[in-house]
Amino acid sequence: MSADFGLIGLAVMGQNLILNAADHGFTVCAYNRTQSKVDHFLANEAKGKSIIGATSIEDFISKLKRPRKVMLLVKAGAPVDALINKIVPLLEKGDIIIDGGNSHFPDSNRRYEELKKHGILFVGSGVSGGEEGARYGPSLMPGGSEEAWPHIKNIFQSISAKSDGEPCCEWVGPAGAGHYVKMVHNGIEYGDMQLICEAYDIMKRLGGFTDKEISEVFAKWNKGVLDSFLVEITRDILKFDDVDGKPLVEKIMDTAGQKGTGKWTAINALDLGMPVTLIGEAVFARCLSALKNERIRASKVLPGPEVPKDAVKDRQQFVDDLEQALYASKIISYAQGFMLIREAAATYGWKLNNPAIALMWRGGCIIRSVFLAQITKAYRQEPDLENLLFNKFFADAVTKAQSGWRKSIALATTYGIPTPAFSTALSFYDGYRSERLPANLLQAQRDYFGAHTFRVLPECASDNLPVDKDIHINWTGHGGNVSSSTYQA
Ligand code: 2AM
């Protein structure tokens, strides 16, 4: 018996993807470094299904139909390279290696180039949705050698999540583009989670809401524009009691962990010079939370305003304003995420499929939401949309949300409740819609102390200030007229 598809790495994600593929009528060959896991899987979960096992890598490769499709779901990093090096000598030109792990996109770029030299087609695919997603429909974000796509499309789109009948899986773009888009997905996930946490904190500390009351607010929000997986689980978490009848969430240590994908997104945003401020703040908020001991000390010595009992006068209005703040901030976060993707496409020379990216995130993954259907629609109407905020639906939504957004942040700021993500979103919005920013002064400062030069506004050009020229002014009357050649504006 020969298999349509082979998968190496029988941890939970790997096992579930195999079972998912088998349920969709594919024959899958399973292999794992530790043989006992193959045997256990075949004798239990895989029993009676179209799943075969292999006893060695050679045996595994010999059981695959040509062109061979080998998916790796092993620990990201060196194990992926080690495995690729073992497999390549056993493959033929035109065979396909798919890395479905959480690889960093520069590694996928490198593997794509290296495998190309051997005539092997490399696909780096983002896989999101956790164990449940892998078993019943993940969001799949494949990129790499486009020649591989016709060979894997049917399998990938069959096993992926569906949204309004459409598969949450499309070809993303070349080289490491699949893992890149998965990285941005994770960054956006950090942002969404931080926004939800800020809304909870404001309701708890300003409004004096109980966890049950906050859960009810999230339940209501989940029926409107914020309908999403993360709001839904937040609703359930907040009403989950410990054995003593008290909310479990309040007993959890307030120090956040992170595995690094949000950080990768923020670093990449800095590398590409894109103001992806909300994801950056979400990463830093986790860093600040981790300084628990310092925060305990600071809480005793650094005063802030007292929160009066009547800080919130009208509870319904307060909740409605907060909903708008969350919605508008979320729009900004996704606008920033797509700005980053757009810049990456330009910098790395990738042609990326924006409507498909939104559709892939629409279902199956952690950030799945009704909201993403609107983004899909916006990019379908206008695939080269310069910014999500120029789409009428989102421009109208932000305009409408603005008053509640500003009021929520003002109230939180007045009474000393931190809102890094809400606030940075609003600052970005106000900066983005400013025709004039104070960078004129900044350029003057740079020219003053470092002769870094500046450009003049066209309408202010004159004989001594020519347009389209790098100008240096001798601001102090001494120090000479030589401009800096190392740091051009
Ligand atoms: P194992 O069961 O033999 O440990 C997640 O850790 C998955 O990656 C597991 O299936 C694990 O195999 C596999 N894995 C980790 N490092 C590996 C390596 N260097 N080579 C092959 N598989 C590896």
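Thresholds applied
- Residues numbered from 1 in each chain as written.
- Predicted model: local features only at pLDDT ≥ 70, side-chain atom pairs only at ≥ 80, totals over all residues.
- Heavy atoms only, no water.
- Phe/Tyr/Trp six-rings, centres within 6.5 Å; stacked < 30°, edge-to-face > 60°.
- Helix = DSSP H or I, 4+ residues; strand = E, 2+ residues; numbered from the N terminus.
- Buried < 20%, exposed > 50% of the residue type's maximum accessible area, 1.4 Å probe, protein only.
- Salt bridge = Lys/Arg side-chain N within 4 Å of Asp/Glu carboxyl O.
- UniProt positions renumbered as here; feature names shortened; annotations may be inferred.
- Axes fitted to C-alpha atoms, helices over the stretch in contact; angles between N-to-C directions.
- Parallel < 35°, antiparallel > 145°, perpendicular 65-115°, else oblique.
- Left-handed = near helix turned anticlockwise from the far one by under 90°.
- Contact = heavy atoms within 4.5 Å.
- Pairing = 2+ DSSP bridges.
- 1 Å grid on protein atoms, 1.4 Å probe; cavity = no way out; pocket = protein on both sides within 12 Å on 5 of 7 lines; lining within 4 Å.
- Points joined across faces, edges and corners; volume = space filled by probe spheres on them.
- Nonpolar A, V, L, I, M, F, W, Y, C, P; charged D, E, K, R; others polar.
- Near = heavy atom within 4 Å.
- Polar contact = N/O pair within 3.5 Å; in protein donor to acceptor, adjacent residues only side chain to side chain.
- Areas by Shrake-Rupley, 256 points an atom, 1.4 Å probe, with all protein chains shown as cover.

With that settled, the discussion passes to the packing of aromatic side chains. Aromatic rings considered in pairs are described by the distance between their centres and by the relative angle of their planes. Taken as a whole and judged by the stated rule, the model has 21 aromatic pairs. Ring geometry for W405 against Y429: centres 5.5 Å apart, planes inclined by 50°, an arrangement best described as tilted. You can see W405 sitting in helix α17 (residues 392–414) and its partner Y429 sitting in helix α18 (residues 420–432), a full 24 residues away along the chain. Of the two residues, W405 and Y429, both sit in the buried class. Ring centres of F454 and W475 lie 6.3 Å apart, and the angle between their planes is 55°; on these two criteria the pair is classed as tilted.

This part is about the pattern of salt bridges. Enumeration over the complete set of coordinates arrives at 30 salt bridges. Note that E166 is salt-bridged to R380, the shortest N-O span being 2.8 Å. Placement of the pair is E166 in strand β9 (residues 166–167) and R380 in helix α16 (residues 371–381), with a sequence separation of 214 residues. Looking at E166, the relative accessible area reads 30%, which means it is partly exposed. The class of R380 is partly exposed, set by a relative accessible area of 45%. Measuring nitrogen to oxygen at the nearest pair gives 3.4 Å for the salt bridge that ties R295 to D254. Note that R295 is positioned in helix α13 (residues 292–301) and D254 in the loop between α10 (229–238) and α11 (261–272), a separation of 41 residues in sequence. Residue classification places D254 among the partly exposed residues on the basis of a relative accessible area of 37%. Ionic contacts of the salt-bridge type, sharing partners, join the residues D81, D99, D107, R110, R111 and E114 into one network.

Moving on, we get to the UniProt feature "domain: 6-phosphogluconate dehydrogenase C-terminal" (unreviewed entry) in the chain. Listed under "domain: 6-phosphogluconate dehydrogenase C-terminal" (unreviewed entry) in the UniProt record, and renumbered for this structure, are residues 178–476. Secondary structure content for residues 178–476 is 63% helix and 0% strand, while the C-alpha to C-alpha distance between its ends is 53 Å.

What follows deals with the packing of helix α8 (residues 177–205) against helix α12 (residues 277–290). Packing of α8 against α12 brings their axes to within 8 Å, and their N-to-C directions diverge by 65°. In this view, α8 runs roughly perpendicular relative to α12, as classed from their interaxial angle. The element α8 and its partner α12 pack so that their crossing is left-handed. Residues G187, I188, Y190, G191, M193, Q194 and L195 of α8 form the contact with α12, whose participating residues are L278, I279, A282, V283, A285 and R286.

Here we come to the sheet that holds strand β6 (residues 121–128). Taken in spatial order, the 7 strands line up as β3-β2-β1-β4-β5-β6-β7 in an open sheet, and their pairing is mixed. Strands with a single pairing partner mark the edges of an open sheet, and in this sheet they are β3 (51–53) and β7 (139–144). Within this sheet the neighbouring strands show an average axis-to-axis angle of 25°, counted without direction. On top of the sheet, helix α4 (residues 78–87) reaches β1 (5–8), β4 (69–72), β5 (96–99) and β6; it is set at about 160° to β4, its chief contact.

A few words on the environment of M71. Among the secondary structure elements, M71 is positioned in strand β4. Placed 52 residues apart in sequence, M71 and V123 show a C-alpha to C-alpha distance of 9.0 Å. With residues near it in sequence (within four places) discarded, M71 still touches F5, G6, L7, I8, L17, I98, G100, V127 and F156.

Taken as a whole and judged by the stated rule, the model has 3 cavities of 30 Å³ or more. Lining the largest cavity are 13 residues, and of these D192, I196, S228, V231 and K330 lie nearest its centre. Looking at the lining of the largest cavity residue by residue, the class counts come to 9 nonpolar, 1 polar and 3 charged. The calculated volume of the second largest cavity comes to roughly 50 Å³. Lining the second largest cavity we find A335, F338, M339, R342, N354, Y379, L385, E386, N387 and L388. When residues of the lining of the second largest cavity are assigned to their parent elements, the largest contribution, 4 residues, is made by helix α14 (residues 315–348). Split by residue class, the lining of the second largest cavity holds 6 nonpolar, 2 polar and 2 charged.

Here we come to the pairing of β7. Across the 6 residues that make up β7, a large majority, 6, are buried. Taking every second residue as pointing to the same face, both faces of β7 are buried, with S139, M141 and G143 on one and L140, P142 and G144 on the other. Pairing geometry for β6 and β7, over 6 bridges, is antiparallel. Bridge assignment links G124 to a residue of β7, and that residue is G143.

Another point: the site of the ligand. Taken together, the neighbourhood of the ligand is formed by G9, L10, A11, N32, R33, T34, K37, V74, K75 and P79. For the ligand, an oxygen atom lies 2.7 Å from a polar atom in the side chain of N32. Out of a free accessible area of 480 Å², the ligand has 79% covered by protein chains. In terms of residue class, the shell around the ligand is built from 4 nonpolar, 3 polar and 3 charged.

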